[in-house]
Amino acid sequence: MSRIGRMPIAVPAGVTVDIAENNHVTVKGPKGTLERTLPAEMEIKLEGSEIVVTRPNDLKKMKSLHGLTRTLLNNMVVGVTEGYTKVLEVNGVGYRASKSGKKLTLNLGYSHPVEMEDPEGLESEVQENKIIVKGIDKEKVGQYAAEIRDKRRPEPYKGKGIKYADEVIRRKVGKTGKK
């Protein structure tokens, strides 16, 4: 049995979970509401203050969907209670990030500033050389952070670019001069 799939999801106080037909799940919490249609083969039950996910049989596809369904549900519950954040760092001489309204402006050594609009339901803030992306949907937070990072990925020689705060860049040795 899937180790992740069989763990029950604790539903904290202040969070309501509605399971409609075709496994359309709505989770409402203090930070907002998330909706998602999960695989119809899985059986999702609300037992007291816990959500239990069970699978119909032991086919390989069902085993993989079991853990996935449970994790997606757990991410929704955590999202509406605590929310998710991703921290990015801007490294490099002259590389800057600034915020005005919902517009994030990045100066990354190109001939023009790169402007990005915050997606619906997400917010970003800039502190010195850090960009913090916040939201209740884990998938959207990760996707927006990845899009920001893609504007100028960190390079291995000087480490310039935008990197995740917990990311380690493998550094390379530069070229050496002739004697």
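These lines cover the structure that appears in this document, whether it is placed above or below.

Cut-off values and rules
- Position numbers for residues count from 1 along each chain, tracking the sequence in the order it is written.
- Two thresholds apply to this predicted model, a pLDDT of at least 70 for residue-level local features and 80 or more for giving and counting side-chain atom pairs, whereas whole-chain, interface and lining totals are computed over all residues.
- For side-chain calculations, the full set of non-hydrogen atoms in the structure is used, while hydrogens and water are omitted.
- Runs of E in the DSSP output that reach at least two residues are strands. Runs of H or I that reach at least four are helices, and both are numbered from the N terminus.
- Every radius of gyration here is taken over C-alpha atoms, with the globule rule written as 2.2 Å times N^0.38, N being the number of residues.
- Each residue is assigned to one of three classes by its accessible area relative to the maximum for its type, calculated with a 1.4 Å probe on protein chains only: buried under 20%, partly exposed between the two thresholds, exposed over 50%.
- Whether two residues touch is decided by their heavy atoms; if any such pair falls within 4.5 Å, the residues are in contact.
- Each accessible area is a Shrake-Rupley estimate made with a 1.4 Å probe; only the visible protein chains count as cover when residues are assessed.
- Two residue types count as positive, namely Lys and Arg, and two as negative, namely Asp and Glu; His and chain ends fall outside the count.
- To locate a charge, take atom NZ for lysine, CZ for arginine, CG for aspartate or CD for glutamate.
- Here a strand pair is declared whenever DSSP counts at least two bridges between the two strands.
- Salt bridges are counted wherever a side-chain nitrogen of Lys or Arg sits within 4 Å of a carboxyl oxygen of Asp or Glu.
- What we call a nonpolar core is a set of buried Ala, Val, Leu, Ile, Met, Phe, Trp, Tyr and Cys residues that are connected through their side-chain atoms within 4.5 Å.
- Cavities and pockets were defined on a 1 Å grid built over protein atoms only: a cavity is a set of grid points that admits a 1.4 Å probe from which the probe cannot escape, a pocket is an open set flanked by protein on both sides within 12 Å along at least five of seven lines, and lining residues are those with an atom within 4 Å of any such point.
- Grid points are joined across faces, edges and corners, and a volume is the space filled by probe spheres set on the points.
- In this classification, the charged set is Asp, Glu, Lys and Arg, the nonpolar set is Ala, Val, Leu, Ile, Met, Phe, Trp, Tyr, Cys and Pro, and all remaining amino acids, among them Gly, are polar.

## A closer look at the overall build of the protein chain
So, point 1. Across its full length, the protein chain carries two helices and 13 strands.
So, point 2. A compact globule built from 179 residues should have a C-alpha radius of gyration of about 16 Å, whereas the protein chain, at 21 Å, is more than 25% larger.
So, point 3. Each principal axis of the C-alpha atoms in the protein chain carries an extent, and together these give about 70 × 45 × 25 Å.
So, point 4. Here the protein chain, with 179 residues, has 35% of them falling under the buried criterion.
So, point 5. Within the protein chain, residue pairs in contact and separated by at least 24 positions form 50% of the contacts whose partners lie at least 6 positions apart.
So, point 6. For the protein chain, the exposed surface amounts to about 11,200 Å²; the carbon and sulfur share of it is 49%.
So, point 7. Looking at charge distribution, the protein chain has the averaged site of its 33 positive side-chain charges lying 12 Å from that of its 24 negative ones.

## Observations concerning the pairing of strand E8 (residues 96–100)
So, point 1. Bridge count between E8 and strand E9 (residues 103–107): five bridges; the pairing is antiparallel. By the bridge assignment for E9, Ala 97 is matched with Leu 106.
So, point 2. Hairpin connection between E8 and E9: a loop of two residues separates the two successive antiparallel strands, and Gly 101 in this loop has a positive phi of roughly 70 degrees.

## Some remarks on the sheet that holds strand E6 (residues 50–54)
So, point 1. Within the open sheet, the three strands sit side by side as E1-E6-E5. Their pairing is antiparallel. The open sheet has two edge strands with one neighbour each: strand E1 (9–10) and strand E5 (43–47).
So, point 2. Note: E5 against E6, five bridges, orientation antiparallel. Looking across to E6, one finds that Glu 43 is bridged to Thr 54.

## A word on the pattern of salt bridges
So, point 1. The final tally for this structure, using the stated rule, is ten salt bridges.
So, point 2. Measuring nitrogen to oxygen at the nearest pair gives 3.8 Å for the salt bridge that ties Glu 41 to Lys 61. Of this pair, Glu 41 sits in the loop between strand E4 (32–37) and E5 while Lys 61 sits in helix H1 (residues 60–81), and the two are 20 residues apart along the sequence.
So, point 3. The partly exposed category is assigned to Glu 41, whose relative accessible area is 35%.
So, point 4. Owing to a relative accessible area of 52%, Lys 61 belongs among the exposed residues under this scheme.

## Here's the deal with the nonpolar core
So, point 1. Counting residues in each nonpolar core, the largest one holds 20 residues, and the members touching the most others are Val 17, Val 25, Val 27, Ile 44, Ile 51 and Leu 73.
So, point 2. Among the elements of the structure, strand E3 (24–29), E6 and H1 are those that each provide at least two residues to this core.
So, point 3. The leading source of residues in this core is H1, at seven residues.
So, point 4. Non-local contacts of Ile 51, meaning those with residues more than four positions away in its chain, are made with Pro 8, Ile 9, Val 11, Val 17, Ile 44, Lys 45, Leu 46, Leu 73 and Val 77.
So, point 5. Tyr 95, Leu 106, Ile 131 and Val 141 belong to the second largest nonpolar core, which has 19 residues in total.

## Quick look at the layout of surface pockets
So, point 1. As a volume, the largest pocket reaches approximately 260 Å³.
So, point 2. What lines the largest pocket is a set of 15 residues, and nearest its centre among them are Leu 34, Arg 36, Ile 136, Asp 137 and Lys 138.
So, point 3. At the level of elements, E4, H1 and helix H2 (138–150) are the ones that each hand at least two residues to the lining of the largest pocket.
So, point 4. In terms of residue count, the dominant contributor to the lining of the largest pocket is E4 (four residues).
So, point 5. A breakdown of the residues in the lining of the largest pocket according to their chemical character gives five nonpolar, three polar and seven charged.

Keep in mind these values describe shape, not function.
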